[in-house]
Amino acid sequence: MALGGLIAAHFEAQADACDRLGSPFTARLCRVLVDVLDGTTATCARVSGWRGHPRGDALALRMCGGLHRLVLEGKDIGLAAVYPPHVVDDEAFASAIKAAIRDHDEFLRGNLDSPPQTNEIGRSGMLLPGFLAIARETKLPLKLCEIGSSAGLNLLFDRFCYIYDDERWGDPTSPVRLEPEVRGKRPPLDGALSVILREGCDIAPIDIHSERGPARLRSYIWPDQPLRHERLDGALLLAGKIPFALQQADASIFVADRLAAREAGSTLVLFHTIMWQYMPQDTQSAIVDAMMKAGERATADAPLAHLRMEPVGLADPYATLSLTSWPGGETRHLARCDFHGRWIEWLG
């Protein structure tokens, strides 16, 4: 019996989202999984009986990531033969997917434990104007505090090269080049920016220096989007040269520790991208409360900022770049953004 009800609807909705985000292959995969996940394996049983919220848990993308990882690690030749750049008919595609689930049942079932870890570097193209706004307004160096960091690659944002229409920012020789489409007016890129500390956390961080870390990271990048894979290659090169700290920790504890260690002479910036929905409500509330209490003690020489690229509502077809800054606690919506960083619409 194939998937049905809420689970099937989630896979279909994810397929529609993949179409909108420029990945027809992943959309096709999500749709065929509705039919081939038929209850004959432990993986199928776990998906069909998923106890969490399938959309909030990104269940379809967990499944897609596990299959892609089999291809990247060379574990299934038959599956690789139906992945890009190969093109096959629907029958051959479905047959290869079903066989891979049967042959790698234990691996795929276990891979469902982890939420997607794309560490999408393109999102830095959305964050940069926000970081520049913070630097302009505080006139202080930045200490970065990222939650949901995955492998921590967006902590290196200031070492990338950016192009917004006819204006550039950053190192022109950087191995990471971001050129998002600008919708409407161009984001302001003036002002000096200095980063003096880069720290991040994740409940399941990916160690890019480990044997399988890069492949796990790459597995969540959709196979038919080569530009995203190229960005990852460049960011991995930079990560081997630029020091940053990444730890496994609960986000609320990590934030509380960083707030307690604040010092005058720099701006502490909490930031995150497309991860807020994956955190428990209690963790979200603890972080918001801690930031508000720390904000009450913020001063001009020890300011605090919260920069995030997240959908304001779960049904939004785009993310919103929002900035709350202290002293004052004012919140501004600076831009609408594509989830993967393909376009930005400046509002600020």
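Everything discussed here concerns the structure shown above.
Below is a summary of the structure that appears in this document.

The rules behind these values
Residues numbered from 1 in each chain as written. Predicted model: local features only at pLDDT ≥ 70, side-chain atom pairs only at ≥ 80, totals over all residues. Heavy atoms only, no water. Helix = DSSP H or I, 4+ residues; strand = E, 2+ residues; numbered from the N terminus. Buried < 20%, exposed > 50% of the residue type's maximum accessible area, 1.4 Å probe, protein only. Contact = heavy atoms within 4.5 Å. Salt bridge = Lys/Arg side-chain N within 4 Å of Asp/Glu carboxyl O. Pairing = 2+ DSSP bridges. Axes fitted to C-alpha atoms, helices over the stretch in contact; angles between N-to-C directions. Core = buried A, V, L, I, M, F, W, Y, C linked by side-chain atoms within 4.5 Å.

Concerning the environment of Arg123
As for its position among the elements, Arg123 is in the loop between helix 7 (105-111) and helix 8 (124-138). Owing to a relative accessible area of 8%, Arg123 belongs among the buried residues under this scheme. If near-sequence neighbours (up to four positions away) are discounted, Arg123 is found in contact with Thr118, Thr273, Ile274, Met309, Phe339 and His340.

A closer look at the pattern of salt bridges
This structure, assessed with the given rule, holds 24 salt bridges. With a closest N to O distance of 3.6 Å, Lys143 and Glu263 form a salt bridge. You can see Lys143 sitting in strand 1 (residues 142-147) and its partner Glu263 sitting in the loop between helix 11 (251-260) and strand 8 (267-273), a full 120 residues away along the chain. The exposure class of Lys143 is buried, given its relative accessible area of 18%. Here Arg159 ties to Asp158 by a salt bridge, and the two come within 3.7 Å at their closest N and O atoms. Assessed through its relative accessible area of 15%, Asp158 is described here as buried. One network of salt bridges, with partners in common, ties together Glu12, Asp16, Asp19 and Arg31.

Re the sheet that holds strand 2 (residues 161-164)
Sheet architecture is open: three strands sit in the order 3-2-4, paired in mixed fashion. If you trace the sheet from one side to the other, it starts and ends with strand 3 (167-170) and strand 4 (177-178), each paired once. Where strand 2 and strand 3 come together, four bridges link them in antiparallel fashion. Looking at the pairing, Ile163 lines up with Arg168 of strand 3. The strands that helix 8 touches are strand 2, strand 3 and strand 4; relative to strand 2, the one it contacts most, it runs at about 90 degrees.

Examining the nonpolar core
Judged by nonpolar contacts, the single largest core of 89 residues is most densely connected at Phe11, Leu33, Leu67 and Ile97. Among all residues touching Ile97, those that are not within four sequence positions of it are Leu29, Val32, Leu33, Val36, Leu67, Leu79 and Tyr83. Counting 19 residues, the second-largest nonpolar core is a separate cluster that includes Val255, Leu259, Leu268 and Ala298.

Brief notes about unusual backbone geometry
Pro85 follows Pro84 through a cis peptide bond whose omega is 15 degrees. Note that the residue after Trp326, namely Pro327, is joined by a cis bond; omega there is 10 degrees. Along the polypeptide, Pro327 turns up in the loop between strand 10 (319-326) and strand 11 (330-337). The phi dihedral of Lys139 is positive, around 55 degrees, even though this residue is not glycine.

Spatial relationships are all this shows, so hold off on functional conclusions.
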